[in-house]
Amino acid sequence: MAQLEWSRLCERYTTDDHRPTRSVGGWTEDKLFFWHRYVQITATAMVGNPRFPGGVAYVDLFAGPGVCVVRDTLKRLPGSPLIAAYAPKPLSRIIACELDKANAAACEERLAETPAADRCVVLAGDCNTQVDRVIHELPKSCLGLAFIDPEALHVKFETIRALSAVGAMDLLVLFADAFDVVRNVEEYYLKNPQSPLDRFLGEGSDWRTDWSSLLDRSASKVRDLFLNVYRRQLKRIGYSHFGDQQISGPSGPLYRLVYASKSALGLKFWEEAKSKTRDGQSRLW
Ligand SMILES: C[S@@+](CC[C@H](N)C(=O)[O-])C[C@H]1O[C@@H](n2cnc3c(N)ncnc32)[C@H](O)[C@@H]1O
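Described below are features of the structure shown in this document.

What counts, and at which threshold
Residues numbered from 1 in each chain as written. Predicted model: local features only at pLDDT ≥ 70, side-chain atom pairs only at ≥ 80, totals over all residues. Helix = DSSP H or I, 4+ residues; strand = E, 2+ residues; numbered from the N terminus. Buried ≥ 20, exposed ≤ 12 C-beta atoms within 10 Å, placed from the backbone. Arc of directions from axis to C-beta. Contact = placed C-beta atoms within 7 Å. Near = placed C-beta within 6 Å. Nonpolar A, V, L, I, M, F, W, Y, C, P; charged D, E, K, R; others polar. Pairing = 2+ DSSP bridges. Axes fitted to C-alpha atoms, helices over the stretch in contact; angles between N-to-C directions. Parallel < 35°, antiparallel > 145°, perpendicular 65-115°, else oblique. Left-handed = near helix turned anticlockwise from the far one by under 90°.

This brings us to the environment of D149. Examined against the element boundaries, D149 turns out to sit in the loop between β7 (143-148) and α6 (157-164). For the pair D149 and V222, spaced 73 residues apart in the sequence, the C-alpha separation amounts to 21 Å.

With that settled, the discussion passes to helix α11 (residues 264-274). Buried residues of α11: G266, F269, W270 and A273, and no others. What you see down the axis of α11 is that its buried residues fit within an arc of 100 degrees, all on one side. On its buried side, α11 packs onto α2 (28-46), β8 (169-175), β9 (241-249) and β10 (252-261).

Glancing now at the site of the ligand. Close to the ligand lie 21 residues; F62, G64, G79, S80 and L99 are nearest. When contributions to the shell around the ligand are tallied by element, the ones reaching two or more residues are β5 (93-98) and α5 (127-137). Here the shell around the ligand is built from residues that sort into 9 nonpolar, 6 polar and 6 charged.

What follows deals with the sheet that holds strand β4 (residues 76-78). A sheet is described by the order of its strands in space; here 3 strands give the open sequence β1-β3-β4, paired in mixed fashion. Of all the strands in the sheet, the pair left with one neighbour each is β1 (22-24) and β4. Geometrically, the sheet is characterised by an average inter-axis angle of 35 degrees between neighbouring strands, direction not taken into account. Inspection of the sheet shows β1 paired to strand β3 (residues 67-70) by 3 bridges, in the parallel sense.

Here we take up the packing of α2 against α11. One way to put it is that α2 packs onto α11 with a least axis distance of 8 Å and a crossing angle of 135 degrees. Viewed along their axes, α2 and α11 adopt a mutual orientation that is oblique. In the crossing of α2 with α11, the sense of the turn from one axis to the other is right-handed. Contact residues: F34, R37, Y38, I41, T42 and A45 in α2; F269, W270, E272, A273 and K274 in α11. Tallied by class, residues from the contact of α2 with α11 come to 7 nonpolar, 1 polar and 3 charged.

Next up, the structure:
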C-alpha cells in the first residue's frame, strides 16, 4: 500500500458511521499526526526486516472507539488503532485494549472494515490487568510499537515493565504532566505513597527525594523533574534512547509524549516523525 498522507487518512473518516466517537480538543490532532508519521516511517523501514521475523506488531493499550471528533470544528479524526491499520506496509498484528465496552465494540467494528481486519484483536478491559493477554497475542521475534495514550496517569509502570520484557518494544507514552502532575502533586500525591503518580512512576522511583531538593517549583521545572524520574525508571528496564514532544492547548502545555526505544534507530524514526508539522512545515528544532 502506498504512503497515506494524514489528510487522506482523515478523509476516509469524514462520514458519520453512527458509532461512538471521542470528543477531543484540537491539539489531539497534533498527537495523532506525529503518531501517524512515526507509524508510517517505521513500517516503511522495518516491515520485512529479517532481524524481526515476527514482523512489526502494534500495541494500543488505550485504544478508544477508533474515531475522535474535534469539539470546536467537528472534524473527525482516525484514532490510533486505525492509524496502525492503514500502515503503508502491513503490521503483523494489531492488538488494541480498551476499558469501555461500547468503545471497544466500536473500535473492533471499525478495524474490521480496514485492510488489516484479519490481523487485529480488540481486548475489552483494563490494560493493567490485560497486559499478559496482550503479550500472548504478540508474534514471536517481532518489533513492537506500543502507543500508550491514557487520559491521566492510568498506566502502571508494572504494565510497561511487562511489555518491555518481550524484547524490542518501542513506546510512546502520554505523560499527563501539566494537567495532572503539576496540579496535584503537592496537594494529593506527596502524602500518598499509593497515589496514581506512584503507580505511574513505579516502584523505587524515589521521586519524593528529587522533589525535596527542587527549589524552583515553577510548572516547567516540576515537569522537567518528573520527565527525568520517568526516564530514569525506563532506563532501569532497558530503554536507552528517549525523545519527547510537548502538546499544548490554548492556555499552554497540557501533556508530554514520551518516546522510548532500546535502539538508536527507533529514536531516529521518532525524530524524523516530529520534523514536520501538520501544515507541512519543516521544524528547525
Ligand atoms: C485518550 S483515549 C484514547 C484515544 C485513542 N488512543 C485514539 O487515538 O483515539 C483513552 C481511552 O482509554 C480508555 N481507558 C481508560 N482507562 C483504561 C484502562 N485502564 N485500560 C484500557 N483502556 C482504558 C478510555 O475509555 C478511553 O477510550
